[in-house]
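Listed here are the chains, written in short residue letters.
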Amino acid sequence: MAEVTLIEGLRQAMDEELARDDRVFIVGEDVGPRGGVFRATQGLFEKYGAERVIDSPLAELSIIGVGIGAALYGMRPICEIQFADFIHPAFNQIVNEAAKMCYRSNGEWTVPMVIRAPYGGGIGGGLYHSQSVEAFFAHVPGLKVAIPSNPHDAKGLLKSAVRDPNPVMIFEPKKGYRLIRGELPEDEEVLVPFGEAAVTRPGRDLSVFAYGMMHHYCLQAAEMVAQEGIDVEVVDLRSLLPLDRKTVLDSVGKTGKALVVYEDNLTGGFGAEVAAIIADEAFEYLDGPVRRLAGPDVPAMPYSHPLQDWFLPDPEQIADAIRQLAGF
Amino acid sequence: MAVSQQEFAISKEMLSEMHWTMLLSRRLDERAWVLHRQGKIAFHISGIGHEAAQVGSIFALRRGQDWLLPYYRDLAMLIALGLTPREFMLGLMGKQGEPSSGARQMPSHWSLRRANVVSHSSPVATQTTHAAGIALGIKMRGDDTVVMTTVGEGSTSQGEWYEGVNWAAIHDLPVIFLVENNVYAISVRQDKQMAVDSVADKAAGLGLPGISVDGLDLHACFSAVSQAAERARAGQGPTLVEVRVHRMTPHSSDDDDRSYRTKDEMEAMKREDPLGRFQQGLIQEGLLEGDRLEELEAQAKEAVEDAVKYAEAADYPQVEEAGYPVYAEDVRSG
């Protein structure tokens, strides 16, 4: 086992999949000699060449549209959108084309492709380098959406995405790219299936559901309140579409209390769907309200440091929300 | 990039097949309008007036090997690629067995995997980047295949279209970007879509050859696309081909074009009907006798009647079919 960063897990996944299957290629802005603005594709251009690690024009919808076409022809594109905030020009291609191709052609055409994008704030990225966009896409049948919170899942989810016969979106917590480290086996295939959440900290008193960077903070918050005698169960959702309802409901069945934490705006964020499922299907187990802690309903995250901190939920706020809920 | 235009000869046998394709497409299209007025179908979108351009273009490709990403007016192209009259009628009526979408999409939203025709949606020009991506795959694999994708002139206002053409030009991809310019995007005329006189002029800014031909002249369309296909196969990259056609009908069965064009304009268009023009040429060259034309008309009528009866008798899809296939894992065979 070696300890690596989250972004190294992603890089290894792409390296291994490029080596395994010659249909796999990478396309995106600055993914070539630059190795990506975050260095996720570092060294891959040198190893696999300009034909398989393609610097696209600065036009996001074309990255997705060309990826869809290549997938229709039997290739396995990994499309990188440099920041999730820049994915909106490609929304039509993802939602109207990639997601609907299988259904609208009655299964004649399928789109096996991967869309990767760094998301989330906390790096001084301001309104357009900080957004959380997962709720838009987790709303759309035909897509799969996953968000890793550690190097192992980053590698395993991305490798599974490359092998999946559908369009799969991987949103990567950019603040955690180098901050979050973890163990990765060196001689073993790492694959994480979609639709399986992970109980990352078992507990009895209260369940906290999160993904990505917020999951990392939830573990820290759980540690803080443990000293006060509150035994928190933390569930990393990992896969938003499909969602592992069973693990969510089993956890609430055990603890009777649910807090959902997400970084996106509160209203209509993905955590609202998780809260609705719990309210709908686990009502008889609940000993308190289903609570959400999320970003505020302002258009996006501001740049200035104190304003950014005001937007982002942090471990202290999560611990406070846990204490309040535990009091019921 | 200037390319001098060459002429490509068409064999007698091919001319005969082209004529049949145009005639059958026209009679099917006309029947669709009648079915709509009878209240038997919910929607029709027409290709009447585009047939010479469509047939001339598609016959210039290796049908069944080359790929097509069409748009909704391309009935004659689909007939040329083997879509049967029965299949077209199943689509109009939303019946089970319709090959484009299993009756999920509106009529004339084509897909025919057996002929390398890729499914398209209703927002326009979205297939342009797909064509570039398919061509990228062709180039990566070294296949001897070309891709043609079609849109109307209004669709060339979309960023989607520019981005797809730009990609193909950068990477010298084997794509033919065919623009069927009928001057109208529903009601909006070309001069409110673009400041250039011809769509072909847009090619200069993107770095590929652009040519404009008379889309009522089947031979001219065949030659232009044949030359573009030769360039593509030789690794010389994409070509933008504008074919200037008439839309001899309203935009769709939901449109009334009397509010935005005159009777005189419509009458003038009818006098230039590309089907009549092609038939006159065949008659003058001694390739089509009056008796033979009557026989062909009777055959076309029979094929249309058979298709309508077949589709009327066909079942609707089972309601459960609306629930799948959302994911590739849900695809059911048969």
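How each quantity is defined
- Residues numbered from 1 in each chain as written.
- Chains lettered and ligands numbered in written order.
- Predicted model: local features only at pLDDT ≥ 70, side-chain atom pairs only at ≥ 80, totals over all residues.
- Heavy atoms only, no water.
- Helix = DSSP H or I, 4+ residues; strand = E, 2+ residues; numbered from the N terminus.
- Rg over C-alpha atoms; globule rule 2.2 N^0.38 Å.
- Buried < 20%, exposed > 50% of the residue type's maximum accessible area, 1.4 Å probe, protein only.
- Contact = heavy atoms within 4.5 Å.
- Areas by Shrake-Rupley, 256 points an atom, 1.4 Å probe, with all protein chains shown as cover.
- Lys, Arg positive; Asp, Glu negative; His and termini not counted.
- Charge placed at Lys NZ, Arg CZ, Asp CG, Glu CD.
- Core = buried A, V, L, I, M, F, W, Y, C linked by side-chain atoms within 4.5 Å.
- Salt bridge = Lys/Arg side-chain N within 4 Å of Asp/Glu carboxyl O.
- Buried area = accessible area lost by both parts, 1.4 Å probe.
- Polar contact = N/O pair within 3.5 Å; in protein donor to acceptor, adjacent residues only side chain to side chain.
- Domains from an automatic or database assignment.
- Expected span 1.5 Å × (residues − 1).
- Pairing = 2+ DSSP bridges.
- Axes fitted to C-alpha atoms, helices over the stretch in contact; angles between N-to-C directions.

Student: Please set out the overall build of chain A residue by residue, giving values where relevant.
Tutor: In terms of regular secondary structure, chain A is built from 13 helices and 14 strands. Its C-alpha radius of gyration of 19 Å places chain A within 12% of the 20 Å reference for a compact globule of 328 residues. Judged by the C-alpha coordinates and their principal axes, chain A covers about 60 × 45 × 40 Å. Going through the 328 residues of chain A one by one, you find that 64% of them count as buried. When contacts within chain A are restricted to residue pairs at least 6 apart in sequence, those whose partners lie at least 24 apart make up 82%. A total accessible area of about 11700 Å² is found for chain A, and carbon and sulfur atoms account for 52% of it. Positive and negative side-chain charges in chain A, numbering 29 and 47 respectively, have mean positions lying 2 Å apart.

Student: How would you summarise the nonpolar core if you had to cite specific residues and measurements?
Tutor: Residue and element names in this part refer to chain A. Within the largest apolar cluster, 88 residues are counted, with the highest numbers of intra-cluster contacts made by Phe-137, Phe-171 and Leu-237. The element that contributes the greatest number of residues to this core is helix α3 (residues 60-72), accounting for eight residues. With sequence-adjacent residues up to four places away left out, Phe-137 is seen in contact with Ile-87, Phe-91, Ile-94, Val-95, Leu-143, Val-145, Met-169, Phe-171 and Leu-241.

Student: Kindly report on unusual backbone geometry, identifying the contributing residues and their values.
Tutor: In this chain, Leu241(A) is followed by Pro242(A) through a cis amide linkage whose omega measures 0°. With respect to the element layout, Pro242(A) can be found in the loop between β12 (239-241) and α10 (245-255). Pro325(B) follows Tyr324(B) through a cis peptide bond whose omega is -5°. With respect to the element layout, Pro325(B) can be found in the segment after α10 (290-313). In this structure, Ser108(B) takes a positive phi of about 65° despite not being glycine.

Student: Give me the pattern of salt bridges: which residues, what numbers.
Tutor: All names here are of chain A. Considering all chains together, one arrives at 44 salt bridges over all chains under this definition. One salt bridge connects Glu-189 with Lys-159, and the closest N-O pair in it is separated by 3.0 Å. Highlighted residues: Glu-189 in the loop between β8 (181-184) and β9 (198-201) and Lys-159 in helix α7 (residues 151-163), separated in sequence by 30 residues. Across the pair Lys-254 and Glu-233 runs a salt bridge whose closest N-O atoms are separated by 2.5 Å. Taken together, the positions of Lys-254 in helix α10 and Glu-233 in strand β11 (residues 232-236) put the pair 21 residues apart, joining distant regions of the chain.

Student: Please give an account of the interface of chain A and chain B that cites residues and values.
Tutor: Contacts between the two partners involve 42 residues from chain A and, on the opposite side, 43 residues from chain B. It is Tyr73(A), Tyr103(A) and Trp109(A) that lose the most area in chain A upon contact with chain B, and together they represent 23% of the buried surface on that side. Our count for the contact surface shared by chain A and chain B stands at one salt bridge. A salt bridge links Glu329(B) to Lys144(A), with the shortest nitrogen-to-oxygen separation between them at 2.8 Å. Taken together, the connections running from chain A to chain B amount to 25 residue pairs in polar contact (both at pLDDT 80 or more). When contributions to the side of chain A that touches chain B are tallied by element, the ones reaching two or more residues are β2 (24-28), α3, α4 (91-98) and α5 (101-104) of chain A.

Student: I'd like a description of the domain arrangement of chain A, backed by residues and values.
Tutor: When the parts of a complex come together, some accessible area is lost, and that lost area is often used as the size of the interface. Residue and element names in this part refer to chain A. We note that the domain assignment places domain 1 (2-184) and domain 2 (198-326) within chain A. For domain 1 and domain 2, the distance between their C-alpha centroids amounts to 26 Å. Contact residues are listed per partner, giving 31 residues for domain 1 and 23 residues for domain 2. Here domain 1 packs against domain 2, burying approximately 2100 Å² in sum over the two surfaces, 60% of which is carbon and sulfur. Note that Asp-153 is salt-bridged to Arg-238, the shortest N-O span being 3.1 Å. A total of four residues in the side of domain 1 that touches domain 2 trace back to one element, the largest contributor, which is helix α6 (residues 134-138).

Student: Can you explain α7(A)? Please cite residues and give values.
Tutor: Residues and elements named next belong to chain A. Over its 13 residues, α7 runs 19 Å from end to end, which matches the ideal 18 Å to within 8%, given 1.5 Å per residue. With 11 of its 13 residues buried, α7 lies for the most part within the structure. Of the positions making up α7, those classed as buried are Pro-151, Asp-153, Ala-154, Lys-155, Gly-156, Leu-157, Leu-158, Lys-159, Ser-160, Ala-161 and Val-162.

Student: How would you summarise the sheet that holds strand β7 (residues 239-244) of chain B if you had to cite specific residues and measurements?
Tutor: Residue and element names in this part refer to chain B. Ordered by their spatial adjacency, five strands build an open sheet running β1-β2-β3-β7-β6, and the pairing between neighbours is parallel. Each edge of the open sheet is held by one strand with a lone partner, namely β1 (67-69) and β6 (210-214). Taking each pair of neighbouring strands and ignoring which way they run, the sheet shows an average axis angle of 20°. Strand contacts of helix α5 (residues 127-141): β1, β2 (147-152) and β3 (175-181), with the helix running at about 170° to β2, the strand carrying the most contacts.

Student: Any chance you could break down the side chain of Thr126(B) for me, citing the residues and the numbers?
Tutor: You can see Thr126(B) is positioned in the loop between α4 (85-93) and α5. Within polar-contact distance, the side chain of Thr126(B) engages the side chain of Ser121(B) at 3.2 Å. Excluding residues that lie within four positions of it along the chain, Thr126(B) makes contacts with Asn92(A), Gln93(A), Glu97(A), Ser121(B) and Glu160(B).

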